[in-house]
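For reference, the chains in residue letters:
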Amino acid sequence: MKEQPLLKVRNLNKVYGRGCTQCLALTGPAVDSNICPACNTIIACAGIDLDVYAGEIIGIVGESGSGKSTLIKCLCFDEMPDAGEAYLQNFAAGQTNIFAVSSQKKRWLRNHRLGIVYQNPHLGLRLDSSCGGNIAEKLIAADWYHVGKIRTRAKELLKKTKLPLERLDDLPKNFSGGMQQRVQIAKALANNPPLLLLDEVTTGLDVSVQAQILDLIRQIQQRLGIAMIVVSHDFAVIRMLTERTLVMKNGRVVESGLTDQVMEDPQHAYTQLLINSML
Amino acid sequence: MRVILKVTDLCKTFTLHRLNQRKIIGCQNINFTVQQGQFIGITGKSGAGKTTVLKCIYRTYLPSSGSIVFNSALQGEIDLAQSDVQQIITVRRQEIGYIAQFLRVLPQMTALDLVVETLLAKGDHQEQAVQQARAMLRHFQIPAKLWDAYPHTFSGGEKLRLNLAQAMIKRPRLLLLDEPTAALDEQSKAPVQEMIIELKKSGTTMVGIFHDLAFMKDVVDSNYQISQGCFKEVGIA
Ligand SMILES: Nc1ncnc2c1ncn2[C@@H]1O[C@H](COP(=O)(O)OP(=O)(O)OP(=O)(O)O)[C@@H](O)[C@H]1O
Ligand SMILES: Nc1ncnc2c1ncn2[C@@H]1O[C@H](COP(=O)(O)OP(=O)(O)O)[C@@H](O)[C@H]1O
Ligand SMILES: [Mg+2]
Ligand SMILES: [Mg+2]
Ligand SMILES: [Zn+2]
């Protein structure tokens, strides 16, 4: 029997604007634009299909504005897609479109089934509440009530993310960029999610700190078996972390496949150009 | 004897879209069969298409036509030229190893972790994986004081041995070697040769590219010369 994906996304669309009947036909990689000339709507994502299997890391690359973050935001319910379906294997036996459930259920899914790490720590953390407090917030959302257990779990997570235990009660605003990302990762892992979404989490960090975070991400996948979607415009990051990659351009997936194949033998003109410009 | 790999009429053409759809022939009409435990050597001038053949088998390159039938212990006979991505990922994790000229490493991952990770990806448990990895590093004579160091500072020979340790620990059914000795001096080649002989004795099937024939004449069962993308079987000196 073929393995079922942990997350299955079909035909996801997200537009900013009122839209018209020609939006999809008049935008995309072929015309190198995501703005409909007829109605000025931005086609941030269109017709996105995606499968993520348990325990794997899948990469999403693409130039700035190609729709990567929008896709992630739709998957964690920060934004509502305009069309499309998604199924999570460990929710309603993978039979219910998670975009169509009540907002209460969506919140439950986000709190219990997902972890999110943003490029900007401001988005994922309260920088002026303690490191432990930030982790506790996520645990409480996931129905942890016992203060002692929350504290033990928070310490465990600091250890996992290689943060010094004595910083538990410190404020992330006093942390370095790399440490803030570790706190975000600790918080994202708190509820033991089967799927972690990471959007440009190493962008802007200096090279050695970036390497430590990448190493941490790999270890989390290997040791905890958590599946991840890693978004980056940096091919080196994608190459180090993933076995499979999706290439996005103008809101569309233009190519997908084995990461080494996409990079060394890209099939589409857009991917070839992208790779040449990103190497 | 059991056929492990059968390549039939394999062609690979690269299309460079940005250069007016220019076509570049990587290899064409490649035919060969590898039986269990055999070592097939590929030789040829630079640019002749050797790496292309190997990368098509590993599916780093998408073959343009032809078939690459691999006898998988887990999935039965599968055509690597047609298999879906999930199948290829499984076969890579479990059964096919690729050793390139250069070691690709995470800058902050220790030598030990690098080898351990291969086993974890295969589905082994942490403790068992660490034990086996240590034994493998010892086997490939990587000094214990380097086990918790970062490989990007290793010497060429140490990197190569680590490379071999990482590829061998999963006991691949098929091992692809792309000029693994190209970056080594004469002295460092001998241990690699010994290892290959040992692997062969233990029944590993291999397809390898080497530019010096002397290096592989003791182990090679068939030698194919590739010239302008085409294969020709040549005698073993
Ligand atoms: N809230 C919004 N309102 C209007 N347009 C938006 C909004 N969010 C995103 N867009 C537009 O949607 C498109 C995709 O944006 P998105 O943030 O997903 O890109 P990205 O691939 O993540 O880029 P980057 O690499 O720069 O982060 C862009 O054209 C962007 O300007
Ligand atoms: N990824 C690629 N994209 C485009 N052309 C390629 C690619 N890889 C190899 N080629 C071309 O295919 C031909 C064979 O190359 P290769 O297999 O690397 O030769 P060898 O390994 O025998 O030196 C060469 O003309 C080379 O430039
Ligand atoms: Mg973004
Ligand atoms: Mg070569
Ligand atoms: Zn429109």
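This one's a predicted model, so the numbers in the text were calculated from it and none came from an experiment. (Residues numbered from 1 in each chain as written. Chains lettered and ligands numbered in written order. Predicted model: local features only at pLDDT ≥ 70, side-chain atom pairs only at ≥ 80, totals over all residues. Heavy atoms only, no water.)

Undergrad: I'm lost on the site of ligand 1 in this one. Help?
TA: All names here are of chain A. Taken together, 13 residues surround ligand 1, and among them Ser 64, Gly 65, Lys 68, Ser 69 and Thr 70 come closest. At a separation of 3.0 Å, an oxygen atom of ligand 1 approaches a polar side-chain atom of Asn 34. In the environment of ligand 1, an oxygen atom lies 2.4 Å from a nitrogen or oxygen atom belonging to the side chain of Thr 70. The fraction of the free accessible surface of ligand 1 (640 Å²) that becomes covered by protein chains is 66%. When contributions to the shell around ligand 1 are tallied by element, the ones reaching two or more residues are strand 2 (42-52) and helix 2 (68-75). Take the shell around ligand 1: its biggest share by element is 3 residues, from helix 2. (Near = heavy atom within 4 Å. Polar contact = N/O pair within 3.5 Å; in protein donor to acceptor, adjacent residues only side chain to side chain. Areas by Shrake-Rupley, 256 points an atom, 1.4 Å probe, with all protein chains shown as cover. Helix = DSSP H or I, 4+ residues; strand = E, 2+ residues; numbered from the N terminus.)

Undergrad: Can you walk me through the site of ligand 2 in this structure?
TA: Close to ligand 2 lie 14 residues; Gly 47, Gly 49, Lys 50, Thr 51 and Thr 52 of chain B are nearest. Each of chains A and B places residues near ligand 2. Between ligand 2 and Glu 264 of chain A, the relevant distance is 2.9 Å, taken from a nitrogen atom to a main-chain nitrogen or oxygen of the residue. A distance of 2.9 Å is found between a nitrogen atom of ligand 2 and a side-chain nitrogen or oxygen belonging to Tyr 61 of chain B.

Undergrad: Any chance you could explain the pairing of strand 5 (residues 114-117) of chain A here in plain terms?
TA: All names here are of chain A. By the alternation rule, side chains of strand 5 split into Leu 114 and Ile 116 and Gly 115 and Val 117, which are all buried. Two strands pair when backbone bridges link them, and strand 5 and strand 6 (residues 195-199) are joined in this way by 4 bridges, in the parallel orientation. If you follow Ile 116 over to strand 6, its bridge partner there is Leu 197. (Buried < 20%, exposed > 50% of the residue type's maximum accessible area, 1.4 Å probe, protein only. Pairing = 2+ DSSP bridges.)

Undergrad: It is not clear to me how the environment of Ser 46 of chain B should be interpreted in this structure. Could you clarify?
TA: Residues and elements named next belong to chain B. Within the element layout of this structure, Ser 46 appears in the loop between strand 3 (39-44) and helix 1 (50-58). Overall, the relative accessible area of 77% leaves Ser 46 in the exposed class. For the pair formed by Ser 46 and Val 219, sequence separation is 173 residues and the distance between their alpha carbons is 23 Å.

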